[in-house]
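Remarks on the overall topology
One-letter residues, chain by chain:
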Number of protein chains: 2
Amino acid sequence: MAVRTARTAWNGSVSEGSGQVELTSSGTGTFDVSFPRREAETADGVTSPEELIGAALSSCYSMQLSALLGGAGATVVALEVTADVTFAADPAGGFHIPSVALTVRGEVEGIDAEGFRKTAEEAKATCPVSKALTGTTITLDATVES
Amino acid sequence: MAVRTARTAWNGSVSEGSGQVELTSSGTGTFDVSFPRREAETADGVTSPEELIGAALSSCYSMQLSALLGGAGATVVALEVTADVTFAADPAGGFHIPSVALTVRGEVEGIDAEGFRKTAEEAKATCPVSKALTGTTITLDATVES
């Protein structure tokens, strides 16, 4: 069992205030966040909860796919996993994350295109971050070059 | 509607390989990740999907709580939101994230302890990242000094 900690220090109102989010366990960084920047069309150098969700999912998914491909007898040379996370008004009120689009490009030996696609779907179903994110819809576009 | 992107470049097997996770939209950082480090007791300077989930939730929750407190007529001076994210073997197979513990300390004017506690619970239920993380259990410990 492993526990990891992150922390946000926030000052002020949601519209005028801002925060600093810290990767506490690793000490790898502290980043500014604000609501106006979060809902703006461009990030403009500022991270957001959605970008951080994308980082969590893309890194978790990479590990899970690598594990499943290895278990299937394939050899992973390289995987590139991109997560596009959408933030929008929620028809039920407030805001929500309606969808996360995963795009996976693999350079893998010992598996064909159909086997890769099936394994990529299985990784989406079984990666620990996917299993936690059941309140949003994750889509997958997976291709391999052997 | 806002879309934010993160990307992981992974090389090799799950046990021997490693990846780099990039906060692509903001350009605020690229971080090493590995599975052995992820499941180790200490982070030892390396981030993980769980730490990134904690960063996403603590920053989202801070904004939501600030918004709800403002809507209730209170004035937020400062909030400190800590997220402890647990990674463990899943009884159903593989690994999972069984729980996330949120600890909230507020310095807020114009609300009493019970009003703060209720608002903190409402923020947990309505924050967009909470609403996406329905596959794990989020607990809350919230206290205020007025």
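This one's a predicted model, so the numbers in the text were calculated from it and none came from an experiment.

Observations concerning the overall build of chain A
Check the secondary structure of chain A and you find four helices and seven strands. For chain A, the C-alpha atoms occupy an extent of roughly 55 × 35 × 30 Å along the three principal directions. Within chain A, the fraction of its 146 residues that count as buried is 51%. The contacts of chain A with a sequence gap of at least 6 include a subset with a gap of at least 24, amounting to 51%. As displayed, chain A offers around 5,700 Å² of accessible surface, 48% of which is attributable to carbon and sulfur atoms. Side-chain charges in chain A split into 9 positive and 19 negative, and the spacing between the mean points of these groups amounts to 7 Å.

What to know about the pattern of salt bridges
Oppositely charged side chains may form a pair once their charged atoms are brought near each other. Scanning the entire structure with this criterion turns up twelve salt bridges over all chains. Between Glu22 of chain A and Arg7 of chain A there is a salt bridge; the shortest N-O distance is 3.2 Å. Of this pair, Glu22 of chain A sits in strand S2 (residues 18–23) while Arg7 of chain A sits in strand S1 (residues 2–11), placing them 15 residues apart in sequence. Of the charged contacts in the structure, one is a salt bridge between Glu114 of chain B and Arg117 of chain B, with a shortest N-O distance of 3.1 Å. In this pair, Glu114 of chain B and Arg117 of chain B both sit in helix H3 (residues 113–126), three residues apart, roughly one turn of the helix. With a relative accessible area of 36%, Arg117 of chain B lands in the partly exposed category.

Examining unusual backbone geometry
Excluding glycine, most residues fall at negative phi; most peptide bonds, likewise, are trans. Although it is not a glycine, Asp44 of chain A sits at a positive phi angle of roughly 50 degrees. You can see Asp44 of chain A is positioned in the loop between helix H1 (35–38) and helix H2 (49–71).

Here we look at the state of the cysteines
All names here are of chain A. Per the stated rule, a full pass over the model turns up zero disulfides over all chains. Distance from the sulfur of Cys60, which forms no disulfide, to the nearest cysteine sulfur (Cys127) is 3.1 Å. Exposure remark for Cys127: the relative accessible area of 0% places this residue in the buried category.

Digging into the domain arrangement of chain A
Residues and elements named next belong to chain A. By domain assignment, chain A separates into domain 1 (1–47) and domain 2 (49–145). Surface buried jointly by domain 1 and domain 2 totals about 590 Å² across both partners, of which 66% is contributed by carbon and sulfur atoms. Linking domain 1 with domain 2 are one salt bridge, by the criterion used here. Of the charged contacts in the structure, one is a salt bridge between Glu50 and Arg38, with a shortest N-O distance of 2.8 Å. Linking domain 1 to domain 2 there are two residue pairs in polar contact (both at pLDDT 80 or more). Here the side of domain 1 that touches domain 2 is built from residues that sort into two nonpolar, one polar and two charged.

Describing the interface of chain B and chain A
With 78 residues of chain B in contact, the opposing surface of chain A contributes 78 residues. Summed over both partners, the interface of chain B with chain A comes to about 6,100 Å²; 59% of that surface belongs to carbon and sulfur atoms. For the pair chain B and chain A, the number of links is two salt bridges. Asp90 of chain A is the partner of Lys131 of chain B in a salt bridge, and the nearest nitrogen-oxygen pair spans 2.7 Å. Inspection of the chain B/chain A interface yields 53 residue pairs in polar contact (both at pLDDT 80 or more). For the side of chain B that touches chain A, the secondary-structure elements that each account for two or more residues are strand S1 (2–11), strand S2 (18–23), strand S3 (29–33), helix H1 (35–38), helix H2 (49–71), strand S4 (75–89), strand S5 (95–96) and helix H4 (128–132) of chain B. Residues belonging to the side of chain B that touches chain A are distributed by class as follows: 38 nonpolar, 28 polar and twelve charged. Judged from the ten bridges that link them, S1 of chain A and S4 of chain B form a sheet pairing that is antiparallel. Each residue of the ladder has a partner; that of Arg4 of chain A, found in S4 of chain B, is Val85 of chain B.

Rules used in this analysis
Residues numbered from 1 in each chain as written. Chains lettered and ligands numbered in written order. Predicted model: local features only at pLDDT ≥ 70, side-chain atom pairs only at ≥ 80, totals over all residues. Heavy atoms only, no water. Helix = DSSP H or I, 4+ residues; strand = E, 2+ residues; numbered from the N terminus. Buried < 20%, exposed > 50% of the residue type's maximum accessible area, 1.4 Å probe, protein only. Contact = heavy atoms within 4.5 Å. Areas by Shrake-Rupley, 256 points an atom, 1.4 Å probe, with all protein chains shown as cover. Lys, Arg positive; Asp, Glu negative; His and termini not counted. Charge placed at Lys NZ, Arg CZ, Asp CG, Glu CD. Salt bridge = Lys/Arg side-chain N within 4 Å of Asp/Glu carboxyl O. Disulfide = S-S within 2.5 Å. Domains from an automatic or database assignment. Buried area = accessible area lost by both parts, 1.4 Å probe. Polar contact = N/O pair within 3.5 Å; in protein donor to acceptor, adjacent residues only side chain to side chain. Nonpolar A, V, L, I, M, F, W, Y, C, P; charged D, E, K, R; others polar. Pairing = 2+ DSSP bridges.

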